[in-house]
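# Structural overview for review
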2 protein chains.
Amino acid sequence: MTRRSSSVTIRDVARQAGVSVATVSRYINQNAPVSPEVAERLDKVMTELRYVPHAAARHLASRKTRVVGLLLNNLHNDFFVPLLNGIEAVIRQKGYNLIVATYHEDYRNQMNPPIGPHNTDGLLVFADGLFDEDLASMNASGFPMVLVHRTPPPSLSIPSVTVENVEITHKLVDHLIQVHGRRRIMFLRGPVHQEDSARREMGYKAALQANGIPFDENLILSGDFERDIAYQVMDRFLGNGNRVAFDAVFTGDDDAAIGVLRALHQHGLKVPEDVAVIGFDDLGFAPFLNPPLTTVRAPTESVGRIAAERLFGLLENRQFDEEVVVLPTEIIFRRSCGCSY
Amino acid sequence: MTRRSSSVTIRDVARQAGVSVATVSRYINQNAPVSPEVAERLDKVMTELRYVPHAAARHLASRKTRVVGLLLNNLHNDFFVPLLNGIEAVIRQKGYNLIVATYHEDYRNQMNPPIGPHNTDGLLVFADGLFDEDLASMNASGFPMVLVHRTPPPSLSIPSVTVENVEITHKLVDHLIQVHGRRRIMFLRGPVHQEDSARREMGYKAALQANGIPFDENLILSGDFERDIAYQVMDRFLGNGNRVAFDAVFTGDDDAAIGVLRALHQHGLKVPEDVAVIGFDDLGFAPFLNPPLTTVRAPTESVGRIAAERLFGLLENRQFDEEVVVLPTEIIFRRSCGCSY
DNA sequence: ACGGTTACTGTAAACGGTTACAGAAAAAAC
DNA sequence: GTTTTTTCTGTAACCGTTTACAGTAACCGT
């Protein structure tokens, strides 16, 4: 058995069809006319030989990878399923490939970044922990990228797709206060530099103020937008002897809400009677939590889709009027806030 | 502005450091000794120039892509989050990249398959709809691949990682019958050629037979392991005037369970009083559904992890004793089957 | 002092495509 | 019937690495 080259190259195809490699290449890429007879012959030869162009060779020669990268912090959250779904739909339709990488600390000073210009034609960036200067350096060479759930730093002009957080959170907290009479509302932060989290906190604080309720630092915990962490944090908080009184929790997102519900339940607190609970995202399971979760419906799949479309817009030098797209959100009232359901 | 080549190449590095490109390459890949002075100089020059090796050139020359592909049907299911998570952890630790593609019909006769040998060093395959002959042709050239949640066809020897389905489903149905006195148990199939679904159905039928309950074709529906589809199917079934009596549903998986719960609820059926419901996978939300879902805990993240490790085993020519790994599963009793909770 | 390793380095040929350039033949324009 | 354009094709350079081959210098044992 010949060890070398089990793979058939463009030269094999050319020889077999009696044409030059240039012609084959042109036919494959449809970027120059080819006579009908040759086309037919090539079709036959290529399927016969099961020819598949070697991606790397193609990339090297054409300077295009036909790959876009998705950079994210982790893959713990059910939130990513609709997001990925939206992204994938566009990518596939464009005949591109998607490469997924997680960001972690040593990404910055590492000399082999998992994804970047050497690898991809453009990047979708969903990563807090990526600071403004990181973005600046990535963006420096004009490498196409689109931010997801994060707006660009003022100095940079990077397209961005996100959802409305502040007003909707404000409304939600208003609802807790005005409709259900809650006044001791806990807020679970997301990851430290997560923008959604920061904005939701803004909305939360604004609503407290608007309703004349003093802000209490003791009512802020960090749930990290993760089930397990939210659970642990809440569990520890409740286990604490001298715990602060509270009658509602804004959990940050639906995933954290699951953890919170479990912790409350285990400590014998009734939702919504003792404690109202609200989430964010309206993930598929939200209507079936125990009790059904009041939450904010965020068009996550659309975010993915639109972000991907923007990226292709960049790749194709198309223009968009607005740089930052903020998709509208909507409150879904269910039982967990105290509504009748 | 110079349009061409904003990127610094290995030649730039070589020139700047006063060595040959071969030396630079060897230092980068650590596959031949380099004098300490040169090493130091290279370090400096490379960070100074922000040199990042061009992936495609590397792939082309070395015949290795340092990429593994994940082929799956769709991205609708929350099930994929833990799976992806397990896979990603291993991939990253190996310094590889992960490229995700969805399988659809025209994958087969298409001449530009999204992922394959031209693209990746190996494949993780989670895709029903991929028939034995597809697998055979993909596997023909000895291209490394590992099957996920699917055992290889008898003629092929492809490593595979899956979970135990038959016995556990048998036990679960036994439980419904013997403990909760259910006798009209509906079964929701998954996607047509999904192996988990087929095995669960085997367990289901075996349990009926073992308990002397005749199998009723009318109690079989197709939920496709998807929330929305399961909901629609169940909704239509319940809306049907002359509907068949049933007192339990094995929903196939937790995602479908969500849809079923919603449909039952909307039609005024109480779970578990009127209808017992059980799922499969024990996804993160299962304990918080309404009511908490009795389900089977499947070690999905481990499946991902182990599958990825297997694949690297193949890439590194390591040997494993067993070709098919079947991870154990475990029933988690909660309220939805009728247990007290 | 001498042959044999070992440590390090460079030259140049791949790897498998794309594409600028050039040219021939056929079609269109005059 | 010539000129011009259009359609189609081929040759060969290039994309940025790796690596076989070859070679030099230092080290080692005797």
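Small disclaimer: the values here were computed from a predicted structure and weren't measured.

Cut-off values and rules
Residues numbered from 1 in each chain as written. Chains lettered and ligands numbered in written order. Predicted model: local features only at pLDDT ≥ 70, side-chain atom pairs only at ≥ 80, totals over all residues. Heavy atoms only, no water. Near = heavy atom within 4 Å. Polar contact = N/O pair within 3.5 Å; in protein donor to acceptor, adjacent residues only side chain to side chain. Helix = DSSP H or I, 4+ residues; strand = E, 2+ residues; numbered from the N terminus. Nonpolar A, V, L, I, M, F, W, Y, C, P; charged D, E, K, R; others polar. Domains from an automatic or database assignment. Buried < 20%, exposed > 50% of the residue type's maximum accessible area, 1.4 Å probe, protein only. Pairing = 2+ DSSP bridges. Phe/Tyr/Trp six-rings, centres within 6.5 Å; stacked < 30°, edge-to-face > 60°. Axes fitted to C-alpha atoms, helices over the stretch in contact; angles between N-to-C directions. Contact = heavy atoms within 4.5 Å.

## Structural notes on the protein's contact with DNA strand D
The environment of DNA strand D is made up of 31 residues, and the closest members are S20(A), R26(A), I10(B), R11(B) and S25(B). Among atoms of DNA strand D positioned within 4 Å of the protein, sugar and phosphate together represent 58%. At 3.3 Å, a side-chain N or O of R11(B) approaches a base oxygen of DNA strand D. R58(B) is positioned with one of its side-chain polar atoms (N or O) 3.2 Å from a phosphate oxygen of DNA strand D. Mapped onto the surface near DNA strand D, the elements with two or more residues apiece are helix 2 (21-29) and helix 4 (55-62) of chain A together with helix 1 (10-17), helix 2 (21-29) and helix 4 (55-62) of chain B. Counted by class, the surface near DNA strand D contains 14 nonpolar, 11 polar and 6 charged residues.

## As for the domain arrangement of chain A
Often, the extent of an interface is quoted as the loss of accessible area upon association of its parts. Looking at the assigned domains, one finds that chain A contains domain 1 (1-39), domain 2 (60-162 + 301-327) and domain 3 (166-299 + 331-337). Computed over C-alpha atoms only, the centres of domain 1 of chain A and domain 2 of chain A are separated by 34 Å.

## Section: the pairing of strand 5 (residues 160-163) of chain A
Residue and element names in this part refer to chain A. Burial of the side chains of strand 5 extends over both faces: S160 and T162 are buried on one face and V161 and V163 on the other. Note: strand 4 (residues 145-148) against strand 5, 2 bridges, orientation parallel. Within strand 5, the position partnered with V148 by the bridge is V161. Sheet topology places strand 5 next to strand 11 (residues 324-327); 4 bridges connect them, and they run parallel. In the strand pairing of strand 11, S160 is matched with V324.

## Here we look at the packing of aromatic side chains
Residue and element names in this part refer to chain B. Tallied over the full model, the rule gives 15 aromatic pairs over all chains. Where F80 meets F126, the ring centres are 5.5 Å apart and the plane angle is 75°; that geometry is what we call edge-to-face. On the criterion of sequence distance, the pair formed by F80 in helix 5 (residues 80-93) and F126 in strand 3 (residues 122-126) is long-range, its members being 46 residues apart. Accessibility expressed as a relative area gives 9% for F126, which makes it buried. Ring geometry for F187 and F250: centres 5.6 Å apart, planes at 5°, overall stacked. Linking F187 in strand 6 (residues 185-189) with F250 in strand 8 (residues 248-250), this pair joins segments that are 63 residues apart in sequence.

## Concerning the sheet that holds strand 6 (residues 185-189) of chain A
All names here are of chain A. The strand order 7-6-8-9 describes an open sheet built from 4 strands, whose pairing is parallel. Every interior strand has two partners, whereas the edge strands, strand 7 (220-222) and strand 9 (276-278), have only one. On average, adjacent strands in this sheet sit at an angle of 20° to one another, irrespective of strand direction. Inspection of the sheet shows strand 6 paired to strand 7 by 3 bridges, in the parallel sense. By the bridge assignment, L188 is partnered in strand 7 with L221. Taken strand by strand, helix 8 (residues 195-210) contacts strand 6, strand 7 and strand 8 (248-250), and its axis lies near 165° from that of strand 6.

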